[in-house]
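# Working through the structure, step by step
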Protein chains: 4
Amino acid sequence: MARPKSEDKRNAILAAATRVFADEGLAAATARIAKQAGVADGTLFTYFSSKDELLNQLYLQLKAELREVMMADYPRDAALEARVRHVWQRYVAWGAANAHKRKTMAQLGMSERVSAESRAQGSAGFADITALQAEGLGTGPLCDVQPTYFGALMGALADVTMEFMAREPASADRYRDAGFAVFWNGITTKT
Amino acid sequence: MARPKSEDKRNAILAAATRVFADEGLAAATARIAKQAGVADGTLFTYFSSKDELLNQLYLQLKAELREVMMADYPRDAALEARVRHVWQRYVAWGAANAHKRKTMAQLGMSERVSAESRAQGSAGFADITALQAEGLGTGPLCDVQPTYFGALMGALADVTMEFMAREPASADRYRDAGFAVFWNGITTKT
Amino acid sequence: MARPKSEDKRNAILAAATRVFADEGLAAATARIAKQAGVADGTLFTYFSSKDELLNQLYLQLKAELREVMMADYPRDAALEARVRHVWQRYVAWGAANAHKRKTMAQLGMSERVSAESRAQGSAGFADITALQAEGLGTGPLCDVQPTYFGALMGALADVTMEFMAREPASADRYRDAGFAVFWNGITTKT
Amino acid sequence: MARPKSEDKRNAILAAATRVFADEGLAAATARIAKQAGVADGTLFTYFSSKDELLNQLYLQLKAELREVMMADYPRDAALEARVRHVWQRYVAWGAANAHKRKTMAQLGMSERVSAESRAQGSAGFADITALQAEGLGTGPLCDVQPTYFGALMGALADVTMEFMAREPASADRYRDAGFAVFWNGITTKT
DNA sequence: AATGAATGAGAATTCATTCAT
DNA sequence: AATGAATGAATTCTCATTCAT
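Residues numbered from 1 in each chain as written. Chains lettered and ligands numbered in written order. Predicted model: local features only at pLDDT ≥ 70, side-chain atom pairs only at ≥ 80, totals over all residues. Heavy atoms only, no water.

## Here's the deal with the overall build of chain A
Condition: Runs of H or I in DSSP of at least four residues are treated as helices and runs of E of at least two as strands, each being numbered from the N terminus. Partly exposed residues are those whose accessible area sits between 20% and 50% of the maximum for their type, while under 20% is buried and over 50% is exposed, using a 1.4 Å probe and protein chains only. We call two residues in contact whenever any of their non-hydrogen atoms come within 4.5 Å of each other. Using a 1.4 Å probe, the Shrake-Rupley method yields the accessible areas, and only the shown protein chains count as cover for residues.
The number of helices and strands found in chain A is 10 helices and zero strands. Helices and strands in chain A line up, N terminus first, as α-α-α-α-α-α-α-α-α-α. Dimensions of chain A, computed from C-alpha atoms along their principal axes, come out at roughly 65 × 35 × 30 Å. Burial analysis of chain A (191 residues in total) assigns 45% to the buried set. In chain A, of all internal contacts separated by at least 6 residues, the share reaching a separation of at least 24 is 66%. Of the roughly 9,100 Å² that chain A leaves accessible, carbon and sulfur atoms contribute 51%.

## Remarks on the interface of chain B and chain A
Under the convention used in this document: In what follows, salt bridge is the name for a side-chain nitrogen of Lys or Arg lying within 4 Å of a carboxyl oxygen of Asp or Glu. Here a polar contact is recorded for every N or O atom pair within 3.5 Å, except that within protein the pair must consist of a potential hydrogen donor and a potential acceptor, and residues adjacent in sequence are included only if both atoms are side-chain atoms.
Contacts between the two partners involve 32 residues from chain B and, on the opposite side, 31 residues from chain A. Summed over the shared surface of chain B and chain A, the result is zero salt bridges. Linking chain B with chain A are six residue pairs in polar contact (both at pLDDT 80 or more). Those elements that provide at least two residues to the side of chain B that touches chain A are α6 (99–110), α9 (147–167) and α10 (172–187) of chain B.

## Brief notes about unusual backbone geometry
In this structure, D73(A) takes a positive phi of about 60° despite not being glycine. The residue D73(A) is located in the loop between α4 (51–71) and α5 (80–97) in this model.

## Concerning helix α5 (residues 80–97) of chain D
Heads up, the rule is: Between the first and last residue of a helix there are one fewer steps than residues, each counted as 1.5 Å, and that sum is the expected span.
When the terminal C-alpha atoms of α5(D) are compared, their 26 Å separation across 18 residues agrees well with the 26 Å that a helix rising 1.5 Å per residue should span. Residues of α5(D) that are buried include every one of L80(D), R83(D), V84(D), H86(D), V87(D), W88(D), Y91(D), V92(D), W94(D) and G95(D), and no others.

## Focus: the relation of the copies chain D and chain C
Here is the rule: We superpose the copies by least squares over the C-alpha atoms of residues that have a pLDDT of at least 70 in both of them.
Superposition of chain D onto chain C requires a rotation of 179° combined with a translation of 0.0 Å along the rotation axis, giving an RMSD of 0.2 Å. A rotation of that kind, with that shift, is consistent with a two-fold axis. Nearest to the rotation axis, the C-alpha of G186(D) is located 1.8 Å from it, this being the minimum over chain D.

## Some words on the interface of chain D and chain C
Put simply, the rule is: Each of two parts loses accessible area, computed with a 1.4 Å probe, when they are put together; buried area is these two losses added. Any residue outside Ala, Val, Leu, Ile, Met, Phe, Trp, Tyr, Cys, Pro, Asp, Glu, Lys and Arg is labelled polar, Gly included; the first ten of those are nonpolar and the last four are charged.
Taken residue by residue, the interface counts 32 residues in chain D and 31 residues in chain C. In total, about 2,900 Å² of surface goes out of reach between chain D and chain C, with carbon and sulfur atoms giving 68% of it. Where chain D touches chain C, the interface holds six residue pairs in polar contact (both at pLDDT 80 or more). Those elements that place two or more of their residues in the side of chain D that touches chain C are α6 (99–110), α9 (147–167) and α10 (172–187) of chain D. If you tally residues by element for the side of chain D that touches chain C, the top one is α9(D), at nine residues. Of the residues in the side of chain D that touches chain C, the class split is 16 nonpolar, 10 polar and six charged.

## What about the packing of α5(D) against α6(D)?
All names here are of chain D. Convention followed: Comment: axis = line fitted to C-alpha atoms, over the contacting stretch for helices; angle = value between 0 and 180 degrees taken between N-to-C directions. Every angle not falling under 35 degrees, over 145, or within 65 to 115 is termed oblique; those three ranges are roughly parallel, roughly antiparallel and roughly perpendicular.
One can describe the packing of α5 onto α6 by two numbers: an axis separation of 5 Å at closest approach and a directional angle of 105°. Here α6 runs roughly perpendicular to α5, going by the angle between their axes. Residues W94, G95, A96 and A97 of α5 touch α6, and the partners they reach there are A99, K101 and R102. Across the contact of α5 with α6, the residue classes break down as four nonpolar, one polar and two charged.

## A look at the domain arrangement of chain A
Residue and element names in this part refer to chain A. Cut-off, in case you're wondering: In this document the domain limits rely on a domain assignment from an automatic tool or a database.
The domain boundaries assigned to chain A delineate domain 1 (1–49) and domain 2 (59–188). The partner domain 2 presents nine residues to the nine residues of domain 1 that form the contact. Carbon and sulfur atoms supply 64% of the area that domain 1 and domain 2 bury against each other, a total of about 740 Å² over both sides. The three residues of domain 1 that bury the most area against domain 2 are T18, A22 and L26, which together make up 64% of that side's buried surface. Viewed at the interface, domain 2 and domain 1 are joined by zero salt bridges.

## Considering the packing of helix α9 (residues 147–167) of chain C against α9(D)
Stated precisely, the cut-off is as follows: Whether a crossing is left-handed or right-handed is set by the direction in which the near helix is turned from the far one by less than a right angle, anticlockwise for left-handed and clockwise for right-handed.
Where α9(C) meets α9(D), the closest approach of the two axes is 9 Å, and the angle between their N-to-C directions is 150°. Relative to α9(D), α9(C) is oriented roughly antiparallel. In the packing of α9(C) onto α9(D), the handedness of the crossing is right-handed. Packed against α9(C), whose contacting residues are T148(C), Y149(C), A152(C), L153(C), A156(C), L157(C), V160(C), T161(C) and F164(C), the element α9(D) presents T148(D), Y149(D), A152(D), L153(D), A156(D), L157(D), V160(D), T161(D) and F164(D) at the interface. Among the residues forming the contact of α9(C) with α9(D), the class breakdown is 14 nonpolar, four polar and no charged.

## Here we look at the relation of the copies chain B and chain A
A rotation about an axis combined with a shift along that same axis relates the two copies of the chain. Expressed as a screw transformation, the operator carrying chain B onto chain A has a rotation angle of 179° and an axial translation of 0.1 Å, and the superposed copies differ by an RMSD of 0.2 Å. By residue overlap, the copies meet face to face through one surface: 97% of the interface positions of chain B are interface positions in chain A.

## Points about the arrangement of the chains
Across all C-alpha pairs, the smallest distance from chain A to chain C is 33 Å, and the two are not in contact. Of all C-alpha pairs spanning chain A and chain D, none lies closer than 10 Å, and the two are not in contact.

## Some words on the side chain of R83(B)
Within the secondary structure, R83(B) is located in helix α5 (residues 80–97). Residues contacting R83(B), with those up to four places away along its chain left out, are Y74(B), P75(B), R76(B), A78(B), L132(B) and E135(B).

## Some thoughts on the pattern of salt bridges
Residue and element names in this part refer to chain A. This structure, assessed with the given rule, holds 41 salt bridges over all chains. For the salt bridge of R10 with E7, the shortest nitrogen-to-oxygen distance reads 4.0 Å. Separated by three residues within a single helix, R10 and E7 lie in helix α1 (residues 7–24), roughly one turn from each other. Judged by its relative accessible area of 22%, R10 falls in the partly exposed class. Residue classification places E7 among the exposed residues on the basis of a relative accessible area of 52%. A salt bridge links R167 to E163; the shortest N-O distance between them is 4.0 Å. You can see R167 and its partner E163 sitting in helix α9 (residues 147–167), four residues apart, about one turn around the helix.

## As for the environment of A64(A)
Residues and elements named next belong to chain A. Positionally, A64 belongs in helix α4. On the accessibility criterion, A64 (21% relative accessible area) is partly exposed. Taking the C-alpha atoms as reference points, A64 and A124, 60 residues apart in sequence, are found 9.6 Å from one another.

## A short note on the packing of aromatic side chains
Our working definition: Pairing of aromatic side chains requires ring centres within 6.5 Å, counting the rings of Phe and Tyr and the six-membered ring of Trp. Pairs whose planes differ by under 30 degrees are stacked, by over 60 edge-to-face, and all others tilted. Two limits define a charge over a ring: the Lys NZ or Arg CZ must be within 6 Å of the ring centre, and within 35 degrees of the ring normal.
One pass over the structure, following the stated rule, counts 28 aromatic pairs over all chains. Ring centres of F180(D) and W184(D) lie 6.3 Å apart, and the angle between their planes is 10°; on these two criteria the pair is classed as stacked. Of this pair, F180(D) and W184(D) both sit in helix α10, four residues apart, which is roughly one turn of the helix. On the basis of relative accessibility, which here comes to 3%, the residue F180(D) falls in the buried class. A relative accessible area of 14% means that W184(D) is categorised as buried. Stacked on the ring of F164(A), the Lys or Arg R167(A) has its end atom at 4.5 Å from the ring centre. In this structure, R119(C) is placed above the aromatic ring of Y59(C), and the distance from its NZ or CZ to the ring centre is 6.0 Å.

## Remarks on the environment of D8(C)
Residue and element names in this part refer to chain C. For D8, the location among the structural elements is in helix α1 (residues 7–24). A residue is classified by how much of its surface remains accessible, and D8, at 62% relative accessible area, is exposed. With 46 residues separating them along the chain, D8 and L54 place their C-alpha atoms 15 Å apart.

## Notes on the side chain of S118(D)
Following the sequence through the fold, S118(D) ends up in helix α7 (residues 116–124). Within polar-contact distance, the side chain of S118(D) engages the side chain of N56(D) at 2.6 Å.

Following this line, the structure appears as structure tokens:
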């Protein structure tokens, strides 16, 4: 090995891909990504064996980043609502602040080019969140469905919410809070 | 007119496109669609001037179909909850029964190839639904956000729900009802 | 024969072809010509069995028209110069007044799609002109080359001249006369 | 640089294009040119961004070559006639010896796909020739028309002449000299 | 005869991937 | 490892021509 693969270059490619995919869709040419990343066309393929591989790795990276963001400072001992709110706020703030990443993530989430394996692996780290469901929602609407439904629901609500936040930045906070209210009211039982 | 343009052929192409796009994504080749529709490659372009045109027309058709499905037998005079439930049930049943259409619709909804104009036109018929928000939710979480947020929220929840229904058909009804409960609880104020 | 082929339609197609080819080149679609002519796409092919056939017929028609123009009022008994001048003036005036025809003619003249047979037939009527060479140029530069060279030379000079006349209409007469002077001086011997 | 863009390949493509265009017209497929040049279909587009670009570059190359041929050994201090004759002989000899180039050049000259800019650039090097007009022709037929008319006239006469030379090689020299005589007599004043 | 929809063989590009340097 | 030229399969769209009406 004359030169070891550079972590910097790998990251540059992933960052460029995030931007380019957000702007042009997943059909964007790898050459465009390479140029944006400041590497040669061929170099992209020494870091990612194929475009599909790049797509999957990018998916995993974004998922991992999102997880970190959501879990940083997680108030493990707070009340259920506080913890759910924490996760929601972080998620939504991240999406609002990182439009590229959010858009690309949304596209990757829908693409058949992201493998089932990547999806499984990408969801793995969200155990804590999935666990929230089991905890206090035993008598709520979600009492007898798959725990993953909980996460999917939150993701869907958050996506819509972020979309509106991006569209009307002046009302961003209102959407953030309305979204949370809908979510929280929705999953808990009325008394 | 020598041979009038055949409505059947147009529909065959749209139906084929729905299937092919669901299976292969919007990047699927027009040639594949033509073959599936039983027409020559070139014929597709006598009905749709370009692939983008096909995409937009398909979007409009699916939206129109969905609207009809949701609005058939609409209990205009029933209580708010009954009406919202009606819409939800129809939506979700349609999606569960028409996986192709649902998947393609989801992709079209995200694609930048569907024009703003098509989106506007496609949403036009959903006024009744958007109006639901104004009606009884004056004090709920959605009291001071755009009315379109209501529809987007419902769409997002329904999509997730249909996805799980398709994945676990045995529990389809459970998801359908859980989804509605989350939605209804979410948008109404707890007392 | 339910309806006899209409000479009008045939002429409309030829006229449309002249305009369209002048504007878009010989690669123009037959459908465009049909539309311009006010007939259906297929109708063009009942008058001309193929696009090549149309090209060849158009070539012949334009050649014939040009011949008529040049030969009308031909001063058969005038001096050589007067006759050559007559031909030149008519040619050049026709080209200046019929830009479409001139341009299309120029393209047809260069196209390999116009058959040798059409060329032969198209040139047939120009015997009088070719004959001019034999007459008085026995001692000039053209004394021992093919007589057709004479006609080709005049055509080439006239084409260039018409091009400049079209480009600078204000100086049209100047070019017309300069062109003739060059031609006449060129083919006659200096004394 | 990994593999520098090869000047050889670029030239092979231009040479192939010259041959193919001469044989089949400018409508010839780029794939045919690529095959003739011994490169892959796509390679043509790494050297020329589009077919139009190829057409324009080819035009410029042929013009440049023609200029070099005409200007090599130019007898700058000889009499006017000697200089005009030099140019004529070189032009005509080049065309007779390079039928492909001559035919393709003629087609490019007429094509609306060659831009005004290319034409301007292509003509730039012919200043010496255009200058010939000003010099001794002040009292001839061309005394009060655009100087470019001079060059166009020579080009037209030379084209016709080369055509006949190609058609009757045995009389090539006769046509060459007859053509020059017509040209020279034509542009100079009779005394 | 007239119409214009239907056909399918190309045409010019594009692009993921390979490979010589 | 890095580069970017080379590759050729695949794609969208065009168009001369045919043929059902």
